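What follows is each chain in one-letter form.
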There are 2 protein chains.
Amino acid sequence: MTKAALRTFDEAGLLDTAARLFRQKGFAATTLREIAQAAGVLPGSIHYRYPAKEALLVALMDRAIERAIAAVQTAAAQTSDPTERVRLGLRAHLQLLLSGDDGVYVLLYDWRSLAGRAREEIVRLRDRYEAFWDGMLYEAAGAGRLRPGVDLKLVRLFGFGAVNWVATWYSPGGGRTPEQIADVFWSYMALGLLPDEQRRDPAPAKLSVLEAPSPSSKEGK
Amino acid sequence: MTKAALRTFDEAGLLDTAARLFRQKGFAATTLREIAQAAGVLPGSIHYRYPAKEALLVALMDRAIERAIAAVQTAAAQTSDPTERVRLGLRAHLQLLLSGDDGVYVLLYDWRSLAGRAREEIVRLRDRYEAFWDGMLYEAAGAGRLRPGVDLKLVRLFGFGAVNWVATWYSPGGGRTPEQIADVFWSYMALGLLPDEQRRDPAPAKLSVLEAPSPSSKEGK
DNA sequence: CAGTGTCTTGGTCAGATGACCAAGGCAGCA
DNA sequence: TGCTGCCTTGGTCATCTGACCAAGACACTG
């Protein structure tokens, strides 16, 4: 019954609608009029809150990344075992991504549509999320739960890629739940794909060189 | 000295330019006039060859996927060892993706811009590429080079995700070559991230259930 | 050297788009 | 009950976009 609750304007619904359309057709191909009509408001009302279409996208991404951080933090807090924390975090990330929350999808795949200051702001938020994951991986590595020599940043990028890509092919009726996919992917990452008797076959020297930490592990923009 | 070589119009260059702009700004946000100007031709000349902007995108994706298939096939043909074929294919895929050939990037990340028949055509081509990979993985599994119980389709989706995602963060001066990244990722996938003494820790029953083949492994739409 | 068919030129056109606003409505407060 | 300020309404407007074309230039042929 607060003041905000009495407002007739459904701001969250507007963002949801915008996210759905942006995901379906892309940011540039979606018009403000379409969003307004689908959300049941007039274009002018959108403009009153968001001076430009870009601001709508930023607000939507902002909300999505806050949700992601909250979801993963909550999930990881359920245990203190470093390995298990990573597994639960992975689950939470994938659950959110596949939950029908189009905002996360848009965040991942439409950030090219942003330029200048808006892009910087989103990148800064994303960095926070990534730093959180790096922390979890660092703890796992420190507790001896990761093979020595693995590059934590590359591990994170590796895992993010595998998991984020799921959004491009997953369909709810596909016979696997998001949790199952997360756990299968977790097992692939944790145990590898080679059977036990093959693990020592590849020349160890070769691999150890390739896995040495890079001199400058600076990531791309 | 063939007829084609004498033509002044640089069709490949036009597609290159279009791919670069589509990658930078997205398909919908790029205008035909921009492409024409950047390629050094007039908008009318583009329209003569491609009746609609969408046709340009299709042609560009078509070329990209043919290149990808050719690159991976050539790389994999260098050996008959199933495991090594996969590793070399992975390298070739990543090399092409990071080589500056924006067409492959556009193919991966801009196919939402297509609708109807055009989308179906690209999906059909993409399926061919994926089937090729499935074949390589099947051979590796048959030769006992993969842990029993792994779902080959999920393995492919897992690997594609990790590798394709690299295009979103890679920068040429980042201290790692595409080949190094491919090999590191390969080692993560093959050997897993857990150290040897931890591999048997997680409850085996739990994991084996999760890795059971899905009853209906139908992929997304 | 004239003929022929392909390709380019430079511009037009209808339609759509993002941005914007003046005026009015309406809920909550005094 | 009257007031006040936030929010919505239903447009307008300049600009840009993809599509399109008639006329002409060009390279090659016979």
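Please refer to the structure higher up on the page.
Predicted model only: the values in this text are computed from it and were never measured.

Undergrad: Just checking my understanding: could you explain the packing of helix α5 (residues 53-76) of chain A against helix α7 (residues 102-109) of chain A for this structure?
TA: When two helices pack together, their arrangement is given by the angle between their axes and by how far apart the axes lie. All names here are of chain A. Running from N to C, α5 and α7 point in directions that differ by 110°, and their axes come no closer than 8 Å. Considering their axes alone, α5 and α7 lie roughly perpendicular with respect to each other. Only Gly103, Val104, Val106 and Leu107 of α7 make contact with α5, whose side of the interface consists of Leu57, Leu60, Met61, Ala64 and Ile65. Classifying every residue of the contact of α5 with α7 by side-chain character gives 8 nonpolar, 1 polar and no charged.

Undergrad: Sorry if this is basic, but what is going on with the packing of aromatic side chains here?
TA: The way to describe two aromatic rings as a pair is by their centre distance and the angle between their planes. Under the criterion given, the structure shown has 18 aromatic pairs over all chains. When the centroid spacing of 6.0 Å and the interplanar angle of 35° are considered together, the rings of Tyr109(A) and Tyr109(B) count as tilted. One end of the pair, Tyr109(A), is in helix α7; the other, Tyr109(B), is in helix α7 (residues 102-109), on a second chain. Residue classification places Tyr109(A) among the buried residues on the basis of a relative accessible area of 7%. Judged by centre distance (5.5 Å) and plane angle (80°), the ring pair of Tyr188(A) and Phe158(B) falls under edge-to-face. One end of the pair, Tyr188(A), is in helix α10 (residues 178-191); the other, Phe158(B), is in helix α9 (residues 152-169), on a second chain. Just as Tyr188(A) is buried, Phe158(B) falls in that class too. Cluster of aromatic residues (ring-pair linked, three or more members): Tyr105(A), Tyr109(A), Trp165(A), Tyr105(B), Tyr109(B) and Trp165(B). The aromatic ring of Phe27(B) is capped on one face by Lys53(B), whose charged end is 4.6 Å from the ring centroid. In this structure, Arg126(B) packs its charged tip against the face of Trp111(B), placed 5.8 Å from the ring centre.

About the thresholds
- Residues numbered from 1 in each chain as written.
- Chains lettered and ligands numbered in written order.
- Predicted model: local features only at pLDDT ≥ 70, side-chain atom pairs only at ≥ 80, totals over all residues.
- Heavy atoms only, no water.
- Axes fitted to C-alpha atoms, helices over the stretch in contact; angles between N-to-C directions.
- Helix = DSSP H or I, 4+ residues; strand = E, 2+ residues; numbered from the N terminus.
- Parallel < 35°, antiparallel > 145°, perpendicular 65-115°, else oblique.
- Contact = heavy atoms within 4.5 Å.
- Nonpolar A, V, L, I, M, F, W, Y, C, P; charged D, E, K, R; others polar.
- Phe/Tyr/Trp six-rings, centres within 6.5 Å; stacked < 30°, edge-to-face > 60°.
- Buried < 20%, exposed > 50% of the residue type's maximum accessible area, 1.4 Å probe, protein only.
- Lys NZ or Arg CZ within 6 Å of the ring centre and 35° of its normal.

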